[in-house]
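# An overview of the molecular structure
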Amino acid sequence: MARLLTSEERTLKLQPLMGAGGWALVDGRDAMEKSFVFGDFVQAFAFMTSVALKAEKMDHHPEWFNVYNRVDITLSTHDCQGLSSRDIALAELIDQAAASAAK
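Residues numbered from 1 in each chain as written. Predicted model: local features only at pLDDT ≥ 70, side-chain atom pairs only at ≥ 80, totals over all residues. Heavy atoms only, no water.

- Named according to an unreviewed UniProt entry, the protein is 4a-hydroxytetrahydrobiopterin dehydratase originating from Coemansia spiralis.
- What UniProt states about the protein under its Catalytic activity (unreviewed entry) heading is, verbatim, "(4aS,6R)-4a-hydroxy-L-erythro-5,6,7,8-tetrahydrobiopterin = (6R)-L-erythro-6,7-dihydrobiopterin + H2O". (UniProt positions renumbered as here; feature names shortened; annotations may be inferred.)

Take a look at the structure:
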């Protein structure tokens, strides 16, 4: 079962994703979110497909919303009702997928 991030893990692993990494904490919830904008719907959908395949292998699925070229993603681990190391790992994979999709 997943466990919430410790204070130390939040500093070491979560903070690098915040700010310049573009992820932000969600108000009123132990979750993080980020918006991605692509050139068009096809790029956005290809990104979502890439993330979906990786998330399925991890058995950890994002909450997301897509309109045309924009994808908004929220990460939180439902098993522990907050942020866990699974969210950190998925956020890193999502950022890599976004970088690949933008090329």
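## Describing the sheet that holds strand β1 (residues 24-25)
- If you trace the four strands from one edge of the open sheet to the other, you get β1-β2-β4-β3, paired in antiparallel fashion. Strands at the two margins of the open sheet, each flanked by one partner only, are β1 and β3 (63-67).
- This element, helix α3 (residues 85-101), spans β2 (32-37) and β4 (70-75) of the sheet and lies at about 10° to β2. (Pairing = 2+ DSSP bridges. Helix = DSSP H or I, 4+ residues; strand = E, 2+ residues; numbered from the N terminus. Contact = heavy atoms within 4.5 Å. Axes fitted to C-alpha atoms, helices over the stretch in contact; angles between N-to-C directions.)

## Things to note about the nonpolar core
- Of all hydrophobic cores here, the largest spans 24 residues; its most connected members are Trp23, Met32, Phe47 and Ile94.
- Those elements that provide at least two residues to this core are β2, α2 (41-58), β4 and α3.
- Setting aside its immediate chain neighbours within four residues, Ile94 contacts Trp23, Phe36, Phe47, Val51, Ile73 and Leu75. (Core = buried A, V, L, I, M, F, W, Y, C linked by side-chain atoms within 4.5 Å. Buried < 20%, exposed > 50% of the residue type's maximum accessible area, 1.4 Å probe, protein only.)

## Side note on the pairing of β2
- Residues Met32, Lys34 and Phe36 line the buried face of β2, whereas the alternating positions Glu33, Ser35 and Val37 sit on a face that is not buried.
- The turn joining β1 and β2, which pair antiparallel and follow one another in sequence, is formed by six residues; a positive phi near 75° is taken by Gly28.
- Note: β2 against β4, six bridges, orientation antiparallel. When the sheet's bridge partners are listed, Ser35 is paired in β4 with Asp72.

## Thoughts on the side chain of Ser84
- With respect to the secondary-structure elements, Ser84 resides in the loop between β4 and α3.
- A polar side-chain atom of Ser84 sits 2.6 Å from a polar atom in the side chain of Thr77. (Polar contact = N/O pair within 3.5 Å; in protein donor to acceptor, adjacent residues only side chain to side chain.)

## Regarding the packing of aromatic side chains
- Applying the stated criterion to the full structure yields four aromatic pairs.
- The interplanar angle of 35° and the centroid separation of 4.8 Å between the aromatic rings of Phe38 and Phe47 together place this pair among those described as tilted. Summarising the burial analysis for this pair, Phe38 and Phe47 share the class buried.
- Seen in terms of ring centroids, Phe41 and Phe45 are 5.7 Å apart; in terms of plane orientation they differ by 35°. Their pairing is tilted. Taken together, the residues Phe41 and Phe45, both in helix α2 and four residues apart, mark about one turn of the helix. (Phe/Tyr/Trp six-rings, centres within 6.5 Å; stacked < 30°, edge-to-face > 60°.)

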